[in-house]
Amino acid sequence: MKTRITLLLLFLGLSLSPVFSQSNPVMKLFPEGTILHGNIPYMQDTLKKHLLDIYLPPNTKGKVPLVIWVHGGGWLSNDKYADMGYMKETIAEIINQGYALASIDYRFSTQATFPAQMLDCNAGISYLYDHAKEYGFDTDRFALMGFSAGGHLASMLGLSINQKVDTFFVPGTSRDFKFKAVVDFYGPADLTLFPGATDPKSPEGLLIGAAPLDRPDLAKMASPVSFVDENDPPFLIIHGEKDDLVSPRQSHLLNAWLKVKGVQTDLIVVPGAPHFGPMFDAPEIRKRVLEFLKINLN
């Protein structure tokens, strides 16, 4: 299990120490002229995990659609710069196509158990919604994009928003936003499907504060499949065939539930691909992602 957690911590090839510098280590990945609003405190407090970054395309006219980026890391590592390093061509194309991008930090499971991560992400999105006029966002064209644990959270955010779950929102924050699309890269869909579901020290156990199979009630509340209904936004789900950290069965299950409820969904299983890496930034995958965003955000 220690090896598995270490792999999750390292899977993005980043340092295990969080990056709290005021410098932006990924700005070089963005097209020239991209406008950065960095390290914005979306909760008006001093927690370093309550920050977000906004990247605006250059020379924009009128309101722009917004892609909200949710990083991975087993719910216990990395930061708002994570996953960008191996998705650099996709990031550049998002900006070149005239979309804004916002990346949100959230508390680790070792700092606060679920639903703290939902509280943080929804608070960040509330900030983006409330300040849309200031940054030029079109509040009718919000999309989510998440990776691994971030794919889980993006799915949770997109699926639960129409069910008005009070415990997922900080009191007093906006809840009026909606999502037009969700792109889920290899995110967990059901916490009880993990091999470590009997282990409270597994990443999924640390997330909810108990072994998922000992507390199926907590696992259900933290599993995207629990919130699928006919009013959900369209999904594009992408998973590696050879993923040994999050089984492709997770994405197959979510895709099946969405189909059962009549929600527009598409599942891409990338042949030979592992849990993460540049295979997900390949031209054919990037094309599908941008087409999906164009159909649903334009």
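Small disclaimer: the values here were computed from a predicted structure and weren't measured. All residue numbers here refer to positions counted from 1 along the written sequence of the relevant chain. In keeping with the predicted nature of the model, local features appear solely for residues at pLDDT of at least 70, side-chain atom pairs appear and are counted solely at 80 or more, and the whole-chain, interface and lining totals rest on all residues. With hydrogens and water set aside, each side-chain value is computed from the structure's full complement of heavy atoms.

Asks: How should I be thinking about the pattern of salt bridges in this particular structure?
Replies: Side chains bearing opposite charge may pair, as long as their charged atoms lie close to each other. A side-chain nitrogen of Lys or Arg and a carboxyl oxygen of Asp or Glu constitute a salt bridge if their distance falls within 4 Å. Taken as a whole, this structure holds 8 salt bridges when the rule is applied. Measuring nitrogen to oxygen at the nearest pair gives 3.6 Å for the salt bridge that ties Lys49 to Asp105. Of this pair, Lys49 sits in the loop between strand 1 (35-41) and strand 2 (51-56) while Asp105 sits in the loop between strand 4 (100-104) and helix 3 (116-130); the two residues are 56 residues apart in sequence, bridging distant segments of the chain. Per-residue accessibility, obtained with a 1.4 Å probe over protein chains only, is compared with the maximum for each type, and a residue is labelled buried under 20%, exposed over 50%, and partly exposed between these values. Assessed through its relative accessible area of 2%, Asp105 is described here as buried. Across the pair Arg175 and Asp166 runs a salt bridge, and its minimum N-O distance is 2.7 Å. Look at Asp166 and you get exposed, because its relative accessible area is 52%. Going along the chain from the N terminus, every DSSP run of H or I of four or more residues is numbered as a helix, and every run of E of two or more is numbered as a strand.

Asks: Just to check I follow, could you spell out the nonpolar core for this structure?
Replies: Considering soluble globular proteins, one finds that nonpolar side chains tend to be buried as a cluster. Residues belong to one nonpolar core when they are buried, are Ala, Val, Leu, Ile, Met, Phe, Trp, Tyr or Cys, and are joined through side-chain atoms within 4.5 Å. Ile54, Ile68, Ile125, Phe137, Phe179 and Leu254 are the most contacted members of the largest nonpolar core, which totals 58 residues. Here, two residues are considered to be in contact whenever any of their heavy atoms come within 4.5 Å of each other. Those residues in contact with Ile125 that sit more than four places away from it in its chain are Ile68, Ile104, Phe142, Leu144, Leu157, Phe177 and Phe179. The next biggest cluster of nonpolar side chains, apart from the first, holds 34 residues, and it includes Ile95, Val183, Leu236 and Val289.

Asks: What is the right way to look at the packing of aromatic side chains in this model?
Replies: We describe a pair of aromatic rings using the distance from one ring centre to the other and the angle between the two ring planes. Aromatic rings from Phe, Tyr and Trp, with only the six-membered ring used for Trp, were paired whenever their centres fell within 6.5 Å, and each pair was classed as stacked if the ring planes differed by under 30 degrees, edge-to-face if by over 60, and tilted otherwise. This model, assessed by the stated rule, comprises 15 aromatic pairs. Between Phe169 and Phe177, the ring centres sit 6.3 Å apart and the planes meet at 45°, which makes this aromatic pair tilted. Relative accessible area serves as the criterion here: at 5%, Phe169 is assigned to the buried category. Taking the relative accessible area as the measure of exposure, Phe177 reaches 1% and is therefore buried. A connected cluster of aromatic rings, assembled from ring pairs, spans Trp69, Tyr86, Phe147, Phe185, Tyr186, Phe276 and Phe280.

Asks: Is there a simple way to think about the pairing of strand 7 (residues 235-240) in this case?
Replies: Side-chain direction in a regular strand flips from residue to residue, so the side chains alternate between the two faces of the sheet. Of all the 6 residues making up strand 7, 6 are buried; the element is thus mostly covered by neighbouring parts of the structure. Where burial is concerned, the two faces of strand 7 agree: the one with Phe235, Ile237 and His239 and the one with Leu236, Ile238 and Gly240 are both buried. Following DSSP output, two strands are said to pair if at least two bridges run between them. Taken together, the 4 bridges between strand 6 (residues 181-185) and strand 7 define a ladder with parallel strand orientation. Opposite Phe185, over in strand 7, you have Ile238 as the bridge partner. Pairing between strand 7 and strand 8 (residues 265-270): 6 bridges, direction parallel. The residue bridging Phe235 from the neighbouring strand is Thr265, located in strand 8. Of the crossover connections in this fold, the one passing from strand 7 over helix 8 (residues 248-260) to the parallel strand 8 is right-handed. When the strands point away from the viewer and the connection leading from the first strand across the helix to the second strand turns clockwise, the crossover is called right-handed.

Asks: Any chance you could explain the packing of helix 3 against helix 5 (residues 149-160) here in plain terms?
Replies: Packed helices, taken two at a time, are described by the angle their axes make and the gap between the axes. To obtain an axis, a line is fitted to C-alpha atoms, over the contacting stretch when the element is a helix, and the angle between two such axes runs from 0 to 180 degrees between their N-to-C directions. Their axes nearest at 11 Å, the elements helix 3 and helix 5 cross at an angle of 70°. By the criterion of interaxial angle, the relationship of helix 3 to helix 5 is roughly perpendicular. Considering the relative orientation of helix 3 and helix 5, their crossing is right-handed. Each of Gln117, Met118, Cys121, Asn122 and Ile125 in helix 3 lies in contact with helix 5, whose residues at this interface are Leu153, Met156, Leu157 and Ser160. By definition in this entry, angles of less than 35 degrees are roughly parallel, angles greater than 145 are roughly antiparallel, angles of 65 to 115 are roughly perpendicular, and the rest are oblique. Each crossing gets its hand from how the near helix is turned against the far one by less than a right angle, where anticlockwise is left-handed and clockwise is right-handed.

Asks: I keep staring at the packing of helix 2 (residues 88-96) against helix 9 (residues 283-297) and nothing clicks. Help me out?
Replies: Across the interface, helix 2 lies against helix 9 with an axial gap of 10 Å and an inter-helix angle of 30°. Classed by the angle they form, the pair helix 2 and helix 9 counts as roughly parallel. The two elements helix 2 and helix 9 cross, and the hand of that crossing is right-handed. Across the interface between the two elements, Glu89, Thr90, Glu93 and Ile94 of helix 2 pack against Arg286, Leu290 and Leu293 of helix 9. Only Asp, Glu, Lys and Arg are considered charged in this grouping, and only Ala, Val, Leu, Ile, Met, Phe, Trp, Tyr, Cys and Pro are considered nonpolar; every other residue, Gly among them, is considered polar. Here the contact of helix 2 with helix 9 is built from residues that sort into 3 nonpolar, 1 polar and 3 charged.

Asks: Help me understand helix 8, please; the structure alone is not making it clear to me.
Replies: Every α-helix winds through 3.6 residues per turn, so residues three or four apart in the chain are directed the same way. Over its 13 residues, helix 8 extends 19 Å from the first C-alpha to the last, a length consistent with the 18 Å expected when each residue adds 1.5 Å. Tucked inside the fold, the buried residues of helix 8 contact helix 5, strand 6, strand 7 and strand 8. Downstream of helix 8 by a residue or two, Gly262 has a phi angle that is positive, lying close to 80°. For a helix, the expected span equals 1.5 Å multiplied by the residue count minus one.

Asks: Looking at this structure, I do not really get the sheet that holds strand 6. What am I missing?
Replies: Strands pair in a sheet through their backbones, by hydrogen bonds, and they do so in one of two ways: parallel or antiparallel. Spatially, 1-2-4-3-5-6-7-8 is the arrangement adopted by the 8 strands of the open sheet, whose pairing is mixed. Sheet topology places strand 1 and strand 8 at the edges, where each strand pairs with a single neighbour. Looking at each pair of strands side by side, their axes are set apart by 15° on average, direction ignored. Pairing analysis gives 6 bridges linking strand 3 (residues 64-70) to strand 5 (residues 137-147), with the strands arranged parallel. From the neighbouring strand, Val67 faces strand 5, where its bridge partner is Ala143. Relative to the sheet, helix 3 contacts strand 1, strand 2, strand 3, strand 4 and strand 5, its axis offset from that of strand 5 by approximately 150°.

As far as function goes, none of this settles anything; it's purely spatial.
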